[in-house]
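Residues per chain are reported as follows:
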Amino acid sequence: AHQPDVLEYNWQREKSLMYGGILGEAFKSAIVVVVSADNGCGYCVHHHQVALQSAGFSQEEFTALLSDPEISRFTGREKALLALVRQANRDPHKPADALLARVRAEGATDAEIIEAMSVMELYSSWNKFLDVMRIPLETDVS
């Protein structure tokens, strides 16, 4: 690595958020897919599509998630969290009071809200990094 300390910091964040915490790994991959699709990061969409398929998602379910997370297989609480992180990613200056009220009405805890928002924030930054650096999909490397 060119910057081992930066690599270690980012790897620790990735492990902590994606493989730890209280939200399920498949749901966190769904957050990544929705945010990354909105940001146009094919790299992250591809890798987390594979993760969702490994968790049992069909191509039809994946396509539905991309077109409208509200029709996905997730619970009402998870759908509300997806709506919140999607708005936060797309338009962080738009008031989120109604979405926060919906998330809380669906039973999400503050810890779940913070974790979902943290996954969104992490992948929003990964999307930018990967796109600016033109990191190719491993299948595209010759």
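In the block above lies the structure referred to throughout.
Description of the structure in this document. Nothing here was measured: the structure is a model prediction, and the numbers come from that model.

### Let's talk about helix α7 (residues 110-133)
(1) Moving on: For α7, with 24 residues, the first-to-last C-alpha span of 34 Å sits near the 34 Å given by 1.5 Å per residue.
(2) Moving on: Those residues of α7 lying buried are Glu112, Ile113, Glu115, Ala116, Val119, Met120, Leu122, Tyr123, Ser124, Asn127 and Leu130.
(3) Moving on: Contacts made by the buried residues of α7 are with α1 (4-19), α2 (25-39), α3 (42-54), α5 (76-90) and α6 (97-105).
(4) Moving on: Once α7 ends, the next one or two residues include Arg134, with phi positive near 55°.

### Considerations on unusual backbone geometry
(1) Moving on: For Arg134, which is not glycine, the phi dihedral falls at a positive 55°.
(2) Moving on: If you trace the backbone, Arg134 turns up in the segment after α7.

### Here we look at the packing of aromatic side chains
(1) Moving on: Following the criterion strictly, the structure yields 3 aromatic pairs and no others.
(2) Moving on: Relative to Phe74, the ring of Phe27 has its centre 5.3 Å away and its plane inclined at 70°; by these criteria the two rings are edge-to-face. A residue pair is termed long-range when its members are at least 10 positions apart, and Phe27 in helix α2 and Phe74 in the loop between α4 (59-67) and α5 qualify at 47 residues. Here the two residues Phe27 and Phe74 agree in accessibility, since each one is buried.
(3) Moving on: Seen from their ring centres, Phe57 and Phe74 are 5.7 Å apart, and the 35° between their planes marks the pair as tilted. Residue Phe57 is found in the loop between α3 and α4, and its partner Phe74 is found in the loop between α4 and α5; the two are separated by 17 residues along the sequence.
(4) Moving on: For Phe57, a relative accessible area of 7% puts it in the buried group.
(5) Moving on: An aromatic cluster is built from Phe27, Phe57 and Phe74, whose rings are joined through pairwise contacts.
(6) Moving on: When the ring centre of Phe57 is taken as reference, the NZ or CZ atom of Arg73 above it lies at 3.8 Å.

What counts and what doesn't
Residues numbered from 1 in each chain as written. Predicted model: local features only at pLDDT ≥ 70, side-chain atom pairs only at ≥ 80, totals over all residues. Heavy atoms only, no water. Helix = DSSP H or I, 4+ residues; strand = E, 2+ residues; numbered from the N terminus. Expected span 1.5 Å × (residues − 1). Buried < 20%, exposed > 50% of the residue type's maximum accessible area, 1.4 Å probe, protein only. Contact = heavy atoms within 4.5 Å. Phe/Tyr/Trp six-rings, centres within 6.5 Å; stacked < 30°, edge-to-face > 60°. Lys NZ or Arg CZ within 6 Å of the ring centre and 35° of its normal.

None of the figures reported here should be taken as evidence of function without further support.
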